[in-house]
Every structure is written in C-alpha cells, then in structure tokens.
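Results of the structural survey
Here's the letter readout for the chains.
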Amino acid sequence: MDLGGTRTKAVALEQGRLVSCVCLPTTDPISSLAGALGKLLYATKASLSDVAGLAVTGGGVRQAEEVFGIKPTRVDEIRSIGLGGVFLSGKKRALVASIGTGTALVRVEDSGARVEHVGGTGVGGGTIRGLGYYMLRRQSFESLRRLASRGSPLKVNVTVGDIAGGPVGIIPPEETASNFGKISEDALEEDVAAGIFRMVGEVVGTVAYFAAKAYGLERDIVVVGSPAAEPPLKSAILHTIRLFGGEATVPEHAEYAPAIGAAKHIAEATS
Ligand SMILES: Nc1ncnc2c1ncn2[C@@H]1O[C@H](COP(=O)(O)OP(=O)(O)OP(=O)(O)O)[C@@H](O)[C@H]1O
Ligand SMILES: [Mg+2]
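Note that this is a predicted model, so its numbers are computed, not measured.

**Some details on the packing of helix α6 (residues 189-213) against helix α7 (residues 231-243)**
- Two elements in contact, α6 and α7, have axes separated by 7 Å at closest approach and are oriented at 40°. The orientation of α6 relative to α7 falls into the category oblique. For α6 against α7, the interelement crossing comes out right-handed. Two secondary-structure elements touch here, α6 through Ala-194, Phe-197, Arg-198, Val-200, Gly-201, Glu-202, Val-204, Gly-205, Thr-206, Ala-208 and Tyr-209 and α7 through Pro-232, Leu-233, Ala-236, Ile-237, Thr-240 and Ile-241.

**Overview of the environment of Gly-124**
- Following the sequence through the fold, Gly-124 ends up in the loop between β8 (114-121) and α3 (125-136).
- Taking the number of C-beta atoms within 10 Å as the measure of exposure, Gly-124 has 26 and is therefore buried.
- Counting along the chain gives 77 residues from Gly-124 to Ser-47, while the straight-line C-alpha distance between them is 36 Å.
- Each residue touching Gly-124, except ones within four places of it in the same chain, is listed here: Ile-99, Gly-100, Thr-101, Gly-102, Thr-103 and Val-200.

**Digging into the site of ligand 1**
- Residues in close proximity to ligand 1 total 20 residues, the closest being Gly-4, Gly-5, Gly-100, Thr-101 and Gly-125.
- Residue contributions to the shell around ligand 1 peak at 4 residues, all from α3.
- Broken down by class, the residue content of the shell around ligand 1 amounts to 3 nonpolar, 13 polar and 4 charged.

**Here's the deal with the sheet that holds β8**
- Spatially, 5 strands are ordered β8-β7-β6-β11-β12 in an open sheet, and the strand pairing comes out mixed. The sheet is open, and its two borders are formed by β8 and β12 (248-249), each paired with just one other strand.
- As defined by bridge partners, strand β11 (residues 221-224) adjoins β12 across 2 bridges and the pair is classed as parallel. Paired with Val-222 across the bridge in β12 is Thr-249.
- Here helix α2 (residues 77-89) sits on the sheet and contacts β6 (94-99), β7 (103-109), β8, β11 and β12; the angle it forms with β7, its principal contact strand, is near 65°.

**A look at the sheet that holds strand β1 (residues 2-3)**
- Ordered in space as β1-β2-β3, the 3 strands form an open sheet in which the pairing is antiparallel. A single partner strand is all that each edge strand has here, and the edge strands are β1 and β3 (17-25).
- Pairing analysis gives 2 bridges linking β1 to strand β2 (residues 7-14), with the strands arranged antiparallel. Within β2, the residue paired with Leu-3 across the bridge is Thr-8.
- Strands β1, β2 and β3 of the sheet are contacted by helix α8 (residues 257-270), whose axis makes an angle of about 40° with β2.

**Here we look at α3**
- Its 12 residues give α3 an end-to-end C-alpha distance of 16 Å, which sits within 8% of 16 Å, the value for a rise of 1.5 Å per residue.
- Residues of α3 that are buried: Gly-125, Thr-127, Ile-128 and Gly-132. Considered in projection along α3, the buried side chains sweep an arc of 150° and stay on one side of the axis. Exposed residues lying more than 90 degrees from the buried face of α3 are Gly-130 and Tyr-134.
- Looking at the buried side of α3, the elements it contacts are β6, α4 (141-150) and α6.

**Regarding the pairing of β3**
- The pairing of β2 with β3 spans 8 bridges and is classified as antiparallel. Bridge pairing links Ala-12 to Ser-20 in β3.
- Hairpin connection, β2 to β3: the antiparallel pair is bridged by 2 residues, and Gln-15 has positive phi, about 50°.

**Re the domain arrangement of the protein**
- Assigned domains within the protein: domain 1 (2-86 + 256-270) and domain 2 (93-253).
- Placing the centre of domain 1 and that of domain 2 at their C-alpha centroids yields a distance of 27 Å.
- Of the residues forming the side of domain 1 that touches domain 2, the biggest block, 8 residues, is contributed by α2.
- Partitioning the side of domain 1 that touches domain 2 into residue classes produces 9 nonpolar, 6 polar and 2 charged.

**Re unusual backbone geometry**
- The phi dihedral of Lys-45 falls on the positive side, at around 55°, and the residue is not glycine.
- Here Lys-45 is to be found in the loop between α1 (29-44) and β4 (55-56).
- Classification of Lys-45 by C-beta neighbours within 10 Å gives exposed; the count is 8.
- In this structure, Phe-68 is a non-glycine residue whose phi angle is positive, near 50°.
- With respect to the helices, strands and loops of the structure, Phe-68 is situated in the loop between β4 and β5 (73-74).
- With 12 C-beta atoms packed within 10 Å, Phe-68 lands in the exposed category.

Criteria and cut-off values
Residues numbered from 1 in each chain as written. Chains lettered and ligands numbered in written order. Predicted model: local features only at pLDDT ≥ 70, side-chain atom pairs only at ≥ 80, totals over all residues. Axes fitted to C-alpha atoms, helices over the stretch in contact; angles between N-to-C directions. Helix = DSSP H or I, 4+ residues; strand = E, 2+ residues; numbered from the N terminus. Parallel < 35°, antiparallel > 145°, perpendicular 65-115°, else oblique. Left-handed = near helix turned anticlockwise from the far one by under 90°. Contact = placed C-beta atoms within 7 Å. Buried ≥ 20, exposed ≤ 12 C-beta atoms within 10 Å, placed from the backbone. Near = placed C-beta within 6 Å. Nonpolar A, V, L, I, M, F, W, Y, C, P; charged D, E, K, R; others polar. Pairing = 2+ DSSP bridges. Expected span 1.5 Å × (residues − 1). Arc of directions from axis to C-beta. Domains from an automatic or database assignment.

Shown next as structure tokens:
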C-alpha cells in the first residue's frame, strides 16, 4: 500500500504477479489502510488469512499501525518508487520520475541493487489542483482535465516564435518561451486549464531530463504516479523530454508503482 498525500493506492501480488489494484482518497492513515485492505480483499475475493505480508510506503508510512491483526512492514518511499518503476518498465536501470502531489526523482541501477534519491520539485499534481482551484474555482481533478482537453496552452503562453519569429537554438517556434506570459483578462477557462497542465508537464519533463542526463539515463526515463497517465500531462512530459533528446515511458499501472515496489521489497526480503 502507498499512503500518498492525496490518494491511497493498494495492490495485491501473488507469486510476484500483479493481481489487483485499488485506490481511494487518503484521509487519516488508519482509515486509509483499513479501507484499502478491505477494498483489495473484496476485489480479489480473498480473506485476511490469505495475506502473507503487508508492505506500506508513502508519505503516511510513519503513522501506519497494525490493521485487522496484520502488522505492516514499513518500506522507504524512495526505494518503493525505484523498485516499482523498474518492475513496471522492465528496465534494469532508469531515472524514475514519480509525479504525485509533488515530484520525486529516483535513480535505479542494477535492477534495484542501488536506489538513490537524486532530487525533485514541488511542482506536481497538487500544483494542478491548487492553481486549478484558485484560477478556475474547479475542485475536481476530473473537471480540470476535461476543461484542459478543450483548450490550448498556446493562447496563454508566449511561444519562441512569438518572440523570435522562428526557432531559437534547439527549440522550435511553437514551443513555450514563457508559461502564462500572455494570459489576458479575457482568457478562456479551457485555455487557462490547458496552460496549467502544460506548465506542470514541462517542469516535470525538464527536471527529469536533466537529472537523468547527469547519470547517462536520459534514454531510460520512467514516469510514474497518478497524474502521469492523464492525457494532457502525459503528452506534455513526454514531449518535453523528447524535445531535449531524451526518451521516456509511462508504463501501464504507473499510479501503482510505489505500492508495487513496496510489495516487491518485502517479497525479496522474505525469499
Ligand atoms: N481521481 C483523482 N482524484 C484525485 N487526484 C487525482 C485523480 N486523478 C489524478 N489525480 C491527480 O493525482 C495527484 C495525486 O497523485 P498520486 O496519487 O500519485 O499522489 P500521492 O501519492 O497522493 O502524493 P505524494 O506521492 O506526493 O505524496 C493529485 O494531486 C491530482 O493532481
Ligand atoms: Mg505518491
């Protein structure tokens, strides 16, 4: 289980294979743990006696206590992100960018023999929710995403072409020179929403690329976390990394990477 700042994600593994994934909003750590375990048992038609071990990671890990008689093993969040990222991508080494409420960058070598936290940024999914609420008074992520899908970031961003009339260095004219640099009081809501997703995606893509390049991993970037698979964000992150010459993937089940990594960690420790 991954007790994230916003959402709790939980997975069931059987013989090392992913058999079920559930998620729910994070409330207090005990309710989130109990709720996630209940949902998972219901989804897998399993009972408590089938649970061989319970691994917990994420921001709420310190508050994780025994639940229904099962004592959780606390697993470091960075290690969980790293192991989950290489498991889902099938890579042996990678720079895993985990975008959640904020964004963490994790370097993995030798299939997880070495996992290192290399940095991160406070720009992440929480930034989309916060700016979306303040600028557009939309509470739900889903409604912001729908709005963004109808808008264009080019209406609120200054492009390289707007300034230079053509490309500058390696950057083509249609790329961003200044996020929100030409927003006006008449800006449409959908264009503002698209600008928020684009800005967050560009920041995450940029920091991930340069962190990866420092370790020769710029062609092995793996992006995980709940927002990673959301269309307007995913495309902005992948496009930005490609623009600089890197290669990245968002694996299937990207939002469950830390939960899977935590389970893998205890499975490895007991095998
Ligand atoms: N259905 C949804 N409900 C809430 N947030 C969503 C949803 N879908 C995508 N998101 C986005 O995902 C973000 C949370 O992502 P994720 O679940 O990976 O983070 P977290 O693990 O809770 O946070 P962190 O890892 O930073 O502690 C939210 O800030 C929001 O932008
Ligand atoms: Mg998280």
